[in-house]
Amino acid sequence: MHASELEAAVERFNTSLSGLQVAAERLKATKPLDEQERAMAVTRIDQAITALRRVLGEEAGNATSHR
């Protein structure tokens, strides 16, 4: 994976993580999420997982090919 692709994946992950942190803070404040906020949190989780899979998949392939 090129450095720019990795940086973009990390940025997407950080963006998703930031949104999740906001949602978590709201839950800590006992302010429940409404349906739209809940859907957005699920979307951000999915985006974060997809970004990690891309990065880890590429890295795992690179690590295996270097053996």
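Computed from a prediction, not measured in an experiment: that's the story for all the values here.

A. Examining the overall build of the chain more closely. When you go through the chain residue by residue, the secondary structure sums to 2 helices and 0 strands. For the chain, the residues scored as buried account for 13% of the 67 residues in total. Carbon together with sulfur atoms contributes 58% to the accessible area of the chain, which is approximately 5,200 Å² in total.

B. Quick look at helix α1 (residues 3-28). Here α1 is 26 residues long and its end C-alpha atoms lie 36 Å apart, about the 38 Å a rise of 1.5 Å per residue gives. Downstream of α1 by one or two residues, threonine 30 has phi in the positive range, about 55°.

C. Highlighting the pattern of salt bridges. Under the definition given, this model contains 1 salt bridge. As a salt-bridge pair, glutamate 35 and arginine 38 come within 3.7 Å of each other at their nearest N and O atoms. One end of the pair is glutamate 35 and the other is arginine 38, both in helix α2 (residues 35-65) and 3 residues apart, which spans about a single turn.

D. View of the environment of alanine 24. By the element assignment, alanine 24 lies in helix α1. In this structure alanine 24 comes out as partly exposed when scored by relative accessible area, which is 32%.

E. A look at the side chain of serine 16. Following the sequence through the fold, serine 16 ends up in helix α1. In this view, serine 16 contacts Arg44, Gln47 and Ala48; residues no more than four positions away in its chain are not counted.

F. Spatial organisation of the environment of alanine 41. Looking at where alanine 41 falls in the secondary structure, it is placed in helix α2. In this structure, the C-alpha to C-alpha distance between alanine 41 and glutamine 21, residues 20 residues apart in sequence, is 9.6 Å.

Conventions adopted
Residues numbered from 1 in each chain as written. Predicted model: local features only at pLDDT ≥ 70, side-chain atom pairs only at ≥ 80, totals over all residues. Heavy atoms only, no water. Helix = DSSP H or I, 4+ residues; strand = E, 2+ residues; numbered from the N terminus. Buried < 20%, exposed > 50% of the residue type's maximum accessible area, 1.4 Å probe, protein only. Areas by Shrake-Rupley, 256 points an atom, 1.4 Å probe, with all protein chains shown as cover. Expected span 1.5 Å × (residues − 1). Salt bridge = Lys/Arg side-chain N within 4 Å of Asp/Glu carboxyl O. Contact = heavy atoms within 4.5 Å.

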